[in-house]
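Observations on the model geometry
Here are the chains, one letter per residue:
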Amino acid sequence: MNETKGYHVFDSEACVATWAKAAYDVARDVLRGPVERRHGGTWYVGVDALPNAADGSIGQVPLTGTWENHIVPPATWHRAQLSVIFPGYPRKDPDESDGAHRYRRLRDAAHVDGLLPEGQQRRRHLREPHGFILGFPLNAVRASPLVVWEGSYLIMQDAFRRAYQGVEPDSYGDLDVTDIYQMARQEVFARCERVLIQAVPGQAILLHRHLLHGVTAWEGADDPEGRMIAYFRPLVAPARWFSPDRH
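Report on the accompanying structure. The structure presented is a predicted model; accordingly, all values stated were derived computationally and were not measured. (Residues numbered from 1 in each chain as written. Predicted model: local features only at pLDDT ≥ 70, side-chain atom pairs only at ≥ 80, totals over all residues. Heavy atoms only, no water.)

Spatial strand order, 1-9-6-11-3-2: six strands in an open sheet with antiparallel pairing. A single partner strand is all that each edge strand has here, and the edge strands are strand 1 (7–9) and strand 2 (43–44). In this structure, strand 6 (residues 133–137) lies alongside strand 9 (residues 205–207), joined through three bridges in antiparallel fashion. Bridge pairing in strand 9 links Gly 135 to Ile 205. Sheet strands touched by helix 1 (residues 14–32): strand 2, strand 3 (81–85), strand 6 and strand 11 (227–232). Its angle to strand 11, the strand with the most contacts, is close to 110 degrees. (Pairing = 2+ DSSP bridges. Helix = DSSP H or I, 4+ residues; strand = E, 2+ residues; numbered from the N terminus. Contact = heavy atoms within 4.5 Å. Axes fitted to C-alpha atoms, helices over the stretch in contact; angles between N-to-C directions.)

Spatial strand order, 8-7-10: three strands in an open sheet with antiparallel pairing. The open sheet is flanked by strand 8 (194–197) and strand 10 (213–215), the only strands paired with a single partner. Pairs of neighbouring strands in the sheet enclose a mean axial angle of 30 degrees, with direction left out of account. Of the strand pairs in this sheet, strand 7 (residues 146–149) and strand 8 are connected by four bridges, and their pairing is antiparallel. Bridging from a neighbouring strand, Val 147 pairs with Leu 196 of strand 8.

Turning our eyes to something else, we now look at helix 1. The end-to-end C-alpha distance of helix 1, which contains 19 residues, comes to 27 Å, matching closely the 27 Å that a straight helix rising 1.5 Å per residue would cover. Burial in helix 1 covers these residues: Val 16, Trp 19, Ala 20, Ala 22, Ala 23, Tyr 24, Ala 27, Val 30 and Leu 31. The elements touched by buried residues of helix 1 are strand 2, strand 3, strand 6 and strand 11. (Expected span 1.5 Å × (residues − 1). Buried < 20%, exposed > 50% of the residue type's maximum accessible area, 1.4 Å probe, protein only.)

On to empty space enclosed by the protein, then. In this structure the tally under the stated criterion is one cavity of 30 Å³ or more. Lining of the largest cavity is provided by 14 residues; of these, Val 141, Ile 197, Ala 199, Arg 227 and Ile 229 occupy positions nearest its centre. At three residues, the largest contribution of residues to the lining of the largest cavity is made by strand 11. Considering only residue class, the lining of the largest cavity consists of 10 nonpolar, two polar and two charged. (1 Å grid on protein atoms, 1.4 Å probe; cavity = no way out; pocket = protein on both sides within 12 Å on 5 of 7 lines; lining within 4 Å. Points joined across faces, edges and corners; volume = space filled by probe spheres on them. Nonpolar A, V, L, I, M, F, W, Y, C, P; charged D, E, K, R; others polar.)

Its location among the elements puts Asp 158 in helix 3 (residues 152–163). Given a relative accessible area of 36%, Asp 158 falls into the partly exposed group. Each C-alpha atom of the pair Asp 158 and Arg 142 lies 33 Å from the other, and the pair is 16 residues apart in sequence.

Following both chains from N to C, one finds helix 3 and helix 4 (residues 178–191) inclined at 155 degrees, their axes separated by 9 Å at the closest point. Relative to helix 4, helix 3 is oriented roughly antiparallel. The two elements helix 3 and helix 4 meet at a crossing, and its hand is right-handed. Contacts between helix 3 and helix 4 pair Ser 152, Ile 155, Met 156, Ala 159, Phe 160, Arg 162 and Ala 163 from the former with Ile 180, Tyr 181, Ala 184, Arg 185, Glu 187, Val 188 and Arg 191 from the latter. Partitioned by chemical class, the residues of the contact of helix 3 with helix 4 number nine nonpolar, one polar and four charged. (Parallel < 35°, antiparallel > 145°, perpendicular 65-115°, else oblique. Left-handed = near helix turned anticlockwise from the far one by under 90°.)

Okay, the pairing of strand 5 (residues 123–126) next. Pairing between strand 4 (residues 115–118) and strand 5: four bridges, direction antiparallel. Bridge pairing links Leu 116 to His 125 in strand 5. The loop that links strand 4 with its antiparallel partner strand 5 comprises four residues; one of these, Gly 119, has a positive phi angle of about 75 degrees.

Okay, helix 4 next. Helix length check: helix 4, at 14 residues, gives a terminal C-alpha distance of 20 Å against a target of 20 Å (1.5 Å per residue), a fit within 8%. Inspection of helix 4 places Thr 178, Ile 180, Tyr 181, Ala 184, Arg 185, Val 188 and Phe 189 among the buried residues, and these make up the whole buried set.

Another point: unusual backbone geometry. In terms of backbone geometry, most residues other than glycine have negative phi values and most peptide bonds are trans. At the junction of Tyr 89 and Pro 90, the peptide bond is cis and its omega measures out at -5 degrees in the coordinates. Structurally, Pro 90 is set in the loop between strand 3 and helix 2 (98–106).

See below:
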């Protein structure tokens, strides 16, 4: 992990490419089934959709690579998210506000994972404290890449430190952090470089859990297969989520 940038894109490795190919084959089968797409049919969220084993393997292909030296692995790997972006992303859903749709288009839906919107006012609460975000591209489609803001995790950490000061870790989820979270995002947009991450099968992408990131709108030629990435986001204890360590 680059401690200044808050993310790292690993060089291609044969072992990662073999896993990605096995995951791609399974992903195509998943997408042939009845799946729900959001944003006018342009995004399959695919949480827990990839049927990998508890050791991360899929189709007897082990989950391994140089990235292992940069994380504290979970005791067991959850089923990976299968995130697929399709041509036209993002179209507007009927229940989506104009403001939310505009933010998705103009700001890439920039967010920190785990802070979930709740209620009609979509107030943010920490409900899913992840240890890290680890992505594996499953195909070479270049449209709608992942986007990150370099170094943004430092600004977000400072905001969270102020928000949760004096709060017991088990109560972090009770705290509404919407306002301080939104102010921190604006600071990130003003101070941090926006970077598109173009990666292909065989590479791995590791993000700090507090890094602001999103997905760009689809541009370029249509590809009905869409852009596929498998993501692992293991959960950790709330106290560990807030700690300043890298993983």
